[in-house]
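Coordinate inspection notes
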Amino acid sequence: MADQSLITKFLGYFGGETQGIRLFASPGRVNLIGEHTDYNGGYVFPAALTLSTTIVARPRQDRIIRLIATDLERMVEADLDNLPAYMGLPWGSYQLGVAHELIKSGYKVIGCDLMYEDKVPLGSGLSSSAAIEVATAIALVSLGDERFGKEKPIDSIEMAVISQKAEHNFIGVKCGIMDQFASAMGKKDHAIFLDCRDLSFELVPIKLSGYSLVIGNTNKKRSLGEGKYNERRSECERGLDILKKAVPEATCLRDVSLENFLKYGHVIEDVTIRKRVEHVIYENRRVLDSVAALKEGKLTAFGELMNQSHDSLRDLYEVTGKELDTLVNEARKVDGVLGSRMTGAGFGGCTVSLVRNDRIEDFKISVGAAYTKQIGYAPTFYVSEIGDGGRELSL
Ligand code: GLA
């Protein structure tokens, strides 16, 4: 069994007994539509994947937290009472950032040894970092805070919010809430229609009769820490500030209706800022239309909205790039593909395409060959299965 081999690995790294060992997991996500809307108080429509981060965890008697990953050699060791001193580590910051935010929020965190097995491809736009953060939050609270257990379950939404804070304060990426929320709250075979202004949400069953969501990884690595992500966020903030002169009641771009944008959008003189705002306003609408289309089984309409979303991210938000555009363009040429778009932050990472089941193998071969020819290296494909959110696994 996989679990047993993970435990054997854990004992190989940390020694000691199996007593006290517990297992936790939290998944990556694919966003069906609604990109760069979350930090504008808008709508998103992600689904948790079955690809997850799994943690093998065991409490310690001191205030030390030790971290290792199954694909890493070096162990990170930190003092729980001095966590800010460990900011900026090449590996381990997500975990320590979460521990720090939990403590700041009044949770009890105890010393422990944690081993990570990451099955979400790193830096691919499938929220590998949110998977690590949320799994860590659930593991640390479960191990150390005796207020939570069978009678009083951990508040998963709060774990998502704390994970997002860790990313803001420890990592320096001013991300929205989508990834952590999807990782914490995902449900098998459902997508989450989330309103990021107040975190109200609806689980929408995803029935794609005869079609599948195929993820294409450009295999172009990217890191949001490189600054483009935060730059987009501040461009949106500038756009909001300007629009507020005409729409003073707006607290986020989501509050600016399409009608008001069409009426007052011209007050944003900077063309770049206006393009960013235009993307956000129309993308929010596309999420609402997509949720309605999927509820009614209108896959062609949903595919068309996926295409519009990508084109807007390419032309107005300018976060796609050669690799993502090539993968999307080639996907759209394949018979049986209803739509294709980038998913996640962009700047590399993954696409998601709606592909008829009997065309998936041809899709992989022809899109893979065309992409490799143009870009110089191969993409990777995964047929996405929608799984459950963060949880403790039974041993
Ligand atoms: C990243 C962020 C999310 C969201 C997406 C873009 O995944 O972590 O909060 O902003 O980019 O939609």
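Now for a description of the structure that goes with this document. Since the structure is predicted, the reported quantities are computational estimates derived from the model, not experimental observations. (Residues numbered from 1 in each chain as written. Predicted model: local features only at pLDDT ≥ 70, side-chain atom pairs only at ≥ 80, totals over all residues. Heavy atoms only, no water.)

**Here we look at the overall build of the protein chain**
Regarding its fold elements, the protein chain presents eleven helices and 13 strands. Its C-alpha atoms give the protein chain a radius of gyration of 21 Å, within 12% of the compact-globule value 21 Å for 395 residues. For the protein chain, the C-alpha atoms occupy an extent of roughly 65 × 50 × 40 Å along the three principal directions. Contacts spanning at least 24 positions in sequence make up 72% of the contacts within the protein chain whose residues lie at least 6 apart. (Helix = DSSP H or I, 4+ residues; strand = E, 2+ residues; numbered from the N terminus. Rg over C-alpha atoms; globule rule 2.2 N^0.38 Å. Contact = heavy atoms within 4.5 Å.)

**Some remarks on the sheet that holds strand β7 (residues 190-195)**
Across the sheet, which stays open at both edges, the three strands sit in the order β2-β7-β8 with antiparallel pairing between neighbours. Taken across any chain shown, the strands that pair with only one partner, and hence form the sheet edges, are β2 (43-44) and β8 (200-205). Pairing of β7 with β8 involves six bridges; the strand directions are antiparallel. Paired with F193 across the two strands is E202, which belongs to β8. Here helix α5 (residues 178-185) sits on the sheet in contact with β2, β7 and β8, set at roughly 135° to β7. (Pairing = 2+ DSSP bridges. Axes fitted to C-alpha atoms, helices over the stretch in contact; angles between N-to-C directions.)

**A word on the sheet that holds strand β5 (residues 76-79)**
One open sheet holds the six strands; their spatial order is β5-β4-β6-β3-β1-β13, and the pairing between them is mixed. Since the sheet does not close on itself, it has two edges, and those belong to β5 and β13 (391-393), each with one partner. Across the sheet, the mean angle separating the axes of adjacent strands is 30° when strand polarity is ignored. The pairing of strand β4 (residues 64-69) with β5 spans four bridges and is classified as antiparallel. Paired with R66 across the strands is E77, a residue of β5. Here α5 sits on the sheet and contacts β1 (22-31) and β3 (46-59); the angle it forms with β1, its principal contact strand, is near 130°.

**Brief notes about the site of the ligand**
Close to the ligand lie R29, E35, H36, D38, Y39, C175, G176, M178, D179, Y229, G344 and A345. Within the contact set of the ligand, an oxygen atom lies 3.1 Å away from a side-chain nitrogen or oxygen of R29. With respect to the ligand, the side chain of Y229 contributes an N or O atom lying 2.6 Å from an oxygen atom. A class-by-class count of the residues in the shell around the ligand yields five nonpolar, three polar and four charged. (Near = heavy atom within 4 Å. Polar contact = N/O pair within 3.5 Å; in protein donor to acceptor, adjacent residues only side chain to side chain. Nonpolar A, V, L, I, M, F, W, Y, C, P; charged D, E, K, R; others polar.)

**Things to note about helix α4 (residues 156-171)**
Under the 1.5 Å per step criterion, the end-to-end length of α4 is 21 Å for 16 residues, consistent within 8% with the ideal 22 Å. Residues M159, A160, I162, S163, Q164, A166, E167, H168 and F170 constitute the buried set of α4. For α4, the secondary structure elements touched by its buried residues are α2 (93-104), α3 (128-144), α5 and α6 (228-243). At the N-terminal boundary of α4, the capping side chain belongs to D155, with an oxygen 3.0 Å from the backbone nitrogen of I157. (Expected span 1.5 Å × (residues − 1). Buried < 20%, exposed > 50% of the residue type's maximum accessible area, 1.4 Å probe, protein only.)

**Overview of the packing of α3 against α5**
Taken N-terminus to C-terminus, the directions of α3 and α5 make an angle of 55°; their axes are 9 Å apart at the nearest point. In this view, α3 runs oblique relative to α5, as classed from their interaxial angle. Here the hand of the crossing between α3 and α5 comes out right-handed. The residues of α5 that touch α3, namely those facing A130, A131, E133 and V134, are D179, Q180, S183 and A184. Partitioning the contact of α3 with α5 into residue classes produces four nonpolar, two polar and two charged. (Parallel < 35°, antiparallel > 145°, perpendicular 65-115°, else oblique. Left-handed = near helix turned anticlockwise from the far one by under 90°.)

**Considering the environment of A370**
Looking at the secondary structure, you find A370 in helix α11 (residues 360-375). Taking the C-alpha atoms as reference points, A370 and N329, separated by 41 residues in sequence, lie 10.0 Å from one another.

**A word on helix α10 (residues 322-333)**
An ideal rise of 1.5 Å per residue puts 16 Å on twelve residues; α10 measures up with 17 Å between its terminal C-alpha atoms. When α10 is considered as a whole, its buried residues turn out to be E323, L324, D325, T326, L327, V328, E330 and A331. Residues of α10 that are buried make contact with β9 (211-217), α9 (299-315), β10 (337-343), β11 (350-356), α11 and β12 (380-383).

**Some words on the packing of aromatic side chains**
As enumerated under the stated definition, the model contains nine aromatic pairs in all. Taken together, a centroid distance of 5.4 Å and an interplanar angle of 70° make the contact between F181 and F201 edge-to-face. With a gap of 20 residues between them, F181 in helix α5 and F201 in strand β8 connect regions that are remote in the sequence. Its relative accessible area of 33% is what places F201 among the partly exposed residues. Ring plane angle 75° and centroid distance 6.3 Å describe the contact between Y371 and Y377, whose orientation is recorded as edge-to-face. The exposure class assigned to Y377 is partly exposed, which follows from its relative accessible area of 32%. (Phe/Tyr/Trp six-rings, centres within 6.5 Å; stacked < 30°, edge-to-face > 60°.)

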